[in-house]
Amino acid sequence: MTDEEIKSMLADLIWLNALIATELIQVTENTSAILRKSPPPESCIKDHHDLRMTALAIAEKYQKETALARHLTKHQ
């Protein structure tokens, strides 16, 4: 593999890991809400939002203009 191919592959993996991270955060929130039979605490919702935005910022450093940002804005 060339250096460019390796860089491209690493960028793809970073983006994919950010996607997985943001979806896992959402699954955690949804599971918490189901188990509590109420929304997660507001502090958790805020922290999860901040974590999603951090993952998005990391992903966008390497892969611009994907559907990730648009998708994350739909998460509650």
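For the structure, see preceding data.
Basis of the calculations
Along every chain, residues carry numbers that run from 1 in the direction the sequence is written. Given that this is a predicted model, residues contribute local features only at a pLDDT of at least 70 and side-chain atom pairs are listed and counted only at 80 or more, while totals for whole chains, interfaces and linings are drawn from all residues. Note: side-chain values were computed over all heavy atoms of the structure, leaving out hydrogens and water. Surface patches are defined over residues having more than 30% relative accessible area and no salt bridge, joining like charges when they lie within 9 Å and nonpolar side chains (Val, Leu, Ile, Met, Phe, Trp, Tyr) when within 5 Å. Residue exposure ignores everything except the shown protein chains as possible cover, and the areas themselves are Shrake-Rupley values with a 1.4 Å probe. Basic side-chain nitrogens of Lys or Arg form a salt bridge, by our definition, when they fall within 4 Å of a carboxyl oxygen of Asp or Glu. Here a strand is any run of E in DSSP of at least two residues, a helix any run of H or I of at least four, and the numbering for each starts at the N terminus. Buried, partly exposed and exposed residues are distinguished by accessible area as a fraction of the type maximum, computed with a 1.4 Å probe on protein chains only: under 20%, between the cut-offs, and over 50%, respectively.

Asker: Explain a nonpolar patch on the surface to me, please; I cannot follow it from the model alone.
Answerer: The grouping of Met1, Ile6, Met9, Leu10, Leu13, Leu16, Ile20 and Leu24 at the surface amounts to a nonpolar patch, some 730 Å² of accessible area in total. Positionally, Leu24 belongs in helix H1 (residues 3–36).

Asker: Would you mind showing me how to read the pattern of salt bridges here?
Answerer: Should the charged atoms of two oppositely charged side chains come close, the side chains can pair. By the definition in use, this model includes two salt bridges. Residue Arg52 is joined to Glu29 by a salt bridge in which the shortest nitrogen-to-oxygen separation is 3.7 Å. Of the two residues, Arg52 sits in helix H2 (residues 42–62) while Glu29 sits in helix H1, which places them 23 residues apart along the sequence. For Glu29, a relative accessible area of 4% gives the class buried. Asp50 is the partner of Lys46 in a salt bridge, and the nearest nitrogen-oxygen pair spans 2.8 Å. Pair noted here: Lys46 and Asp50 are both in helix H2, with a separation of four residues, about one helical turn. What makes Asp50 partly exposed here is its relative accessible area of 33%.

Note that every value here comes from positions in space, so none of it alone points to a role or purpose.
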